[in-house]
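Chain by chain, the residues run as shown.
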Amino acid sequence: MLDHVVIARPPYYGDTARAMSQENVEVVKRAVAAVNDGDVDSYLACCTADVRMENPVAPIEGAYEGSDGIRRFFADVLDTAPDFRVTIERLESIGTDRVLGFMRLNISGRASGINLGSDIPSANVYDLAHGKIKRIRIFLDRQEALEAVGLSE
């Protein structure tokens, strides 16, 4: 009778880490899609309650913190650049709780309609906790992003 018993083995840590990393990449993809759709609620669904976004374009106002801060970010984008779009070039998992995204930004100004930037390269570092984005750091200098995650020479 014992020859029919199957003993289930737990997954290898590497398999679990790989699955978690892929889930984190998917969360980031959903968040970027929400930005492009102007859907703040879908974006917030991808984030922890204490999410923090550090954006080099708005250093005077400081970081966007929590759901109110993210709502302010969306309002700022709509007000200043209603045609703002983020294109994902590449997303890479860095460990089990971080995703590095190479992006392209397209921005036009509301008042003038002048294209402020087309295909502006950027890099975002997403720190995640329990499958949700906890912190976003946006870099206009990709080398700085690589240094921030310890991947530069």
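Right, let's walk through the structure included here. Not measured: the values here are computed from a predicted model.

## Brief notes about the overall build of the chain
- If you tally the helices and strands in the chain, you get 4 helices and 6 strands.
- Each helix and strand of the chain, placed in order from N terminus to C terminus, yields the pattern α-α-β-β-α-β-β-β-β-α.
- Out of the 153 residues belonging to the chain, those deemed buried represent 38%.
- Element-wise, carbon and sulfur atoms account for 54% of the exposed surface of the chain, whose accessible area totals about 9,300 Å².

## So, the nonpolar core
- Among the nonpolar cores identified, the biggest contains 32 residues, and Tyr43, Met53, Ile70, Phe84, Tyr126, Ile133 and Ile136 are the most heavily contacted of them.
- Within the residue set of this core, elements represented by two or more residues are α1 (13-37), α2 (40-45), β1 (47-54), α3 (66-80), β3 (85-93), β4 (98-108), β5 (115-129) and β6 (132-139).
- In terms of residues, this core owes the most to one element, α1, which gives 7 residues.
- If you look at the next biggest cluster of nonpolar residues, it comprises 8 residues, including Leu100, Ala123, Val125 and Phe139.

## Description of the environment of Ser21
- In this fold, Ser21 is placed in helix α1.
- When the C-alpha atoms of Ser21 and Ile94 are compared, they prove to be 7.9 Å apart, with 73 residues separating the residues in sequence.
- Beyond its immediate chain neighbours, meaning those up to four positions away, Ser21 contacts Ser93, Gly95 and Thr96.

## Topic: unusual backbone geometry
- In this structure, His130 is a non-glycine residue whose phi angle is positive, near 55°.
- For His130, a relative accessible area of 83% gives the class exposed.

Conventions used here
- Residues numbered from 1 in each chain as written.
- Predicted model: local features only at pLDDT ≥ 70, side-chain atom pairs only at ≥ 80, totals over all residues.
- Heavy atoms only, no water.
- Helix = DSSP H or I, 4+ residues; strand = E, 2+ residues; numbered from the N terminus.
- Buried < 20%, exposed > 50% of the residue type's maximum accessible area, 1.4 Å probe, protein only.
- Areas by Shrake-Rupley, 256 points an atom, 1.4 Å probe, with all protein chains shown as cover.
- Core = buried A, V, L, I, M, F, W, Y, C linked by side-chain atoms within 4.5 Å.
- Contact = heavy atoms within 4.5 Å.

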